[in-house]
Amino acid sequence: MGFKCGIVGLPNVGKSTLFNALTETAAAQAANYPFCTIEPNVGEVAVPDPRLDKLAAIAKSAQIIPTRLTFVDIAGLVKGASKGEGLGNQFLATIREVDAVAHVVRCFEDSDITHVEGKSAPLADIEVIETELMLADLESLEKRVDNLSKKAKGGDKDSKEQLDLVERSLKLLRDGKPARFLERKPEEERAFRMLGLLTSKPVLYVCNVEEGAVAVAISAKIESEIATLSKEERAEFLDTLGLEEAGLDRLIRAGYELLHLITYFTVGPKEARAWTITKGTKGPAAAGVIHTDFEKGFIRAETIGYDDYVKLGGEAGARDGGKLRLEGKEYVVADGDVMHFRFNT
């Protein structure tokens, strides 16, 4: 399962600096001029989860493999992007491919770093990006109305349902509200996603603040420095700042939660591994994340809750303590479950 979070914002707000820090690499060129990121850079980051280390220690696992989240560094948008200004069309197409959006907003003044609008105004910057995405969605939906109307009048049930979604989305967008605010029934969710609307993506706002600012947001510059430190140096540096964890760890976890993702674990002497699934996933589909054969031939899942696994000292202790459960095809996997799947090939 690949989950992608796109980093967007106006030029020179710190997107590439943030991306470099996230991926601990200089893959994205951070430079003081618009459009320095021409092609979207992609980087995978481990989702911080102290539970995995604890499970590995109990099972004496030889290897630890965390679950991962993909971040896509998308070049800066400007006014008129929906009409192709800057590199608008290319950027908007890239946004369509991600599952969620991390919108970086510049919340600092620096005469050495140019701002595309001439001044730092976070709320205005947010409005520029949101407006361009809404305009692109409006244009996309308006082009579909005539064709869907003809099919709906001809009795096509799917077209009728899709037309209803399109018209409701258009009304919302014309009122200046993004499509993600559309009230919809669970059974409409798949059809709504198929519309491919830019403003339907869940959004996480990332405030890029000055160095030394109160840690309620992120200083991309400081985070990029932290990313180059060793584990021990990082802990010492955070301690001097009075922080328990790096801002990027909070960002990664927030992106994970934004996408309604949870983690289950497989643990043994060879490896302790975290796996990503969406909330509400049942046993067979969770097994399918490991391999499609696991889902096709699913029989049952030996399941231990994380707290029980730790409290009872591992699988043997959980089994002896009556905390190892056999779960079937209708079981909804819980965050932190330690699982072993039985299946037929």
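Above: the structure in question.
Sequence positions are assigned chain by chain, starting from 1 and proceeding in written order. Totals for whole chains, interfaces and linings use all residues, but because this is a predicted model, local features are given only for residues with pLDDT of at least 70 and pairs of side-chain atoms are given and counted only at 80 or more. The basis for the side-chain values is all heavy atoms of the structure; hydrogens and waters are excluded.

### Digging into helix H6 (residues 157–174)
The end-to-end C-alpha separation of H6 is 26 Å, in line with the 26 Å expected for 18 residues at 1.5 Å each. Burial status follows relative accessibility: with a 1.4 Å probe on protein chains alone, a residue under 20% of its type maximum counts as buried, one over 50% as exposed, and anything between as partly exposed. Numbering of helices and strands runs from the N terminus; a helix is a DSSP stretch of H or I covering at least four residues, while a strand is a stretch of E covering at least two. Among all positions of H6, only Ser 159, Leu 163, Leu 165, Val 166, Ser 169, Leu 170, Leu 172 and Leu 173 are buried. In what follows, residue pairs with any heavy atoms lying within 4.5 Å of each other are defined as contacts. Looking at the buried side of H6, the elements it contacts are helix H4 (122–142), helix H5 (145–153) and helix H7 (189–194). With a side-chain oxygen lying 3.3 Å from the backbone nitrogen of Asp 158, the N-terminal cap of H6 falls on Asp 156. Residue Gly 176 follows H6 closely and has a positive phi angle near 80°. Working rule for helices: expected span equals 1.5 Å times residues minus one. Residues adjacent in sequence count toward polar contacts only when both atoms are side-chain atoms; beyond that, a polar contact is any pair of N or O atoms within 3.5 Å, and within protein one must be able to donate a hydrogen and the other to accept it.

### Thoughts on the packing of H5 against H6
Throughout, an axis means a line fitted to C-alpha atoms (over the contacting stretch in the case of helices), and angles, computed between N-to-C directions, take values from 0 to 180 degrees. The contact between H5 and H6 brings their axes to 8 Å, and the two run at 145°. The chirality of how H5 crosses H6 is left-handed. On the side of H5, the interface is formed by Val 145, Leu 148, Ser 149, Lys 151 and Ala 152, while H6 contributes Ser 159, Lys 160, Gln 162, Leu 163, Val 166 and Leu 170. Gly is placed with the polar residues, together with every amino acid not listed as nonpolar (Ala, Val, Leu, Ile, Met, Phe, Trp, Tyr, Cys and Pro) or charged (Asp, Glu, Lys and Arg). Here the contact of H5 with H6 is built from residues that sort into six nonpolar, three polar and two charged. Each crossing is labelled by how the near helix is turned from the far one, with a counterclockwise turn of less than a right angle marking it left-handed and a clockwise turn marking it right-handed.

### Concerning the pairing of strand E2 (residues 41–46)
Burial along E2 is one-sided: Asn 41, Gly 43 and Val 45 are buried, while Val 42, Glu 44 and Ala 46, pointing the other way, are not. A pair of strands counts as paired when DSSP detects no fewer than two bridges linking them. Here E2 pairs with strand E4 (residues 68–73) via six bridges, running antiparallel. The residue of E4 that forms the bridge with Ala 46 is Arg 68.

### Focus on the pairing of strand E7 (residues 261–267)
Counting buried positions along E7 gives seven out of seven residues, so the element sits mostly inside the fold. Residue alternation in E7 divides its side chains into two sets, Leu 261, Thr 263, Phe 265 and Val 267 and Ile 262, Tyr 264 and Thr 266, and both sets are buried. Strand direction decides the pairing type here: E7 and strand E8 (residues 271–278), joined by seven bridges, are antiparallel. For Ile 262, the partnering residue across the bridge sits in E8 and is Ile 277. Between E7 and E8, which pair antiparallel in sequence order, lie three residues.

### Considerations on H5
Buried residues of H5: Val 145, Leu 148, Ser 149 and Ala 152, and no others. Considered in projection along H5, the buried side chains sweep an arc of 105° and stay on one side of the axis. Across H5 from its buried face, at more than 90 degrees, point the exposed residues Asp 146 and Lys 150. Gly 155 occupies a position one or two residues after H5 and carries a positive phi of about 95°. The directions from the helix axis to the C-beta atoms are what the arc is built from.

### Remarks on the layout of surface pockets
As a volume, the second largest pocket reaches approximately 650 Å³. Cavity: a set of points on a 1 Å grid over the protein atoms alone where a 1.4 Å probe fits but cannot get out. Pocket: an open set with protein on both sides within 12 Å along at least five of seven lines, its lining residues, like those of a cavity, having an atom within 4 Å of a point. Asp 99, Glu 189, Arg 193, Pro 202 and Leu 259 are the residues nearest the centre of the second largest pocket, which is lined by 21 residues in total. Per-element accounting of the lining of the second largest pocket gives the leading share, three residues, to H7. Grid points are joined across faces, edges and corners, and a volume is the space filled by probe spheres set on the points.

### Points about a negative patch on the surface
Distance thresholds for patches are 9 Å for like charges and 5 Å for nonpolar side chains (Val, Leu, Ile, Met, Phe, Trp, Tyr), applied to residues having over 30% relative accessible area and no salt bridge. Here the Shrake-Rupley method, with its probe set to 1.4 Å, supplies the accessible areas, and only the displayed protein chains count as covering residues. The salt bridge definition used is simple: a Lys or Arg side-chain nitrogen within 4 Å of an Asp or Glu carboxyl oxygen. Only four residue types enter the tally: Lys and Arg on the positive side, Asp and Glu on the negative side; His and the chain ends are excluded. Where a charge lies is defined by one atom per residue type, namely NZ (Lys), CZ (Arg), CG (Asp) and CD (Glu). A contiguous patch of negative charge, built from Glu 232, Glu 233, Glu 236 and Asp 239, is present on the exposed surface. Residue position: Glu 236 is located in helix H9 (residues 231–240). Residue Glu 236 is classed as exposed on the basis of its relative accessible area of 57%.

### Some remarks on the sheet that holds E4
Pairing between the strands of a sheet is mediated by backbone hydrogen bonds and can be parallel or antiparallel. In spatial order, the strands read E2-E4-E1-E5-E6; together these five strands make up an open sheet with mixed pairing. Strands at the two margins of the open sheet, each flanked by one partner only, are E2 and strand E6 (203–208). Looking at each pair of strands side by side, their axes are set apart by 25° on average, direction ignored. The sheet strands contacting H4 are strand E5 (100–106) and E6, and the helix crosses E5 at an angle near 145°. Running over the sheet, helix H10 (residues 247–258) touches E2, E4, E5 and E6 and is turned about 165° from E6.

### Some details on empty space enclosed by the protein
All chains considered together, the criterion is met by one cavity of 30 Å³ or more. Quantified by volume, the largest cavity comes out at close to 40 Å³. The wall of the largest cavity is formed by Val 8, Val 101, His 103, Ile 129, Glu 130, Leu 133, Val 203 and Tyr 205. Mapped onto the lining of the largest cavity, the elements with two or more residues apiece are E5, H4 and E6. In terms of residue count, the dominant contributor to the lining of the largest cavity is H4 (three residues). Of the residues in the lining of the largest cavity, the class split is six nonpolar, one polar and one charged.

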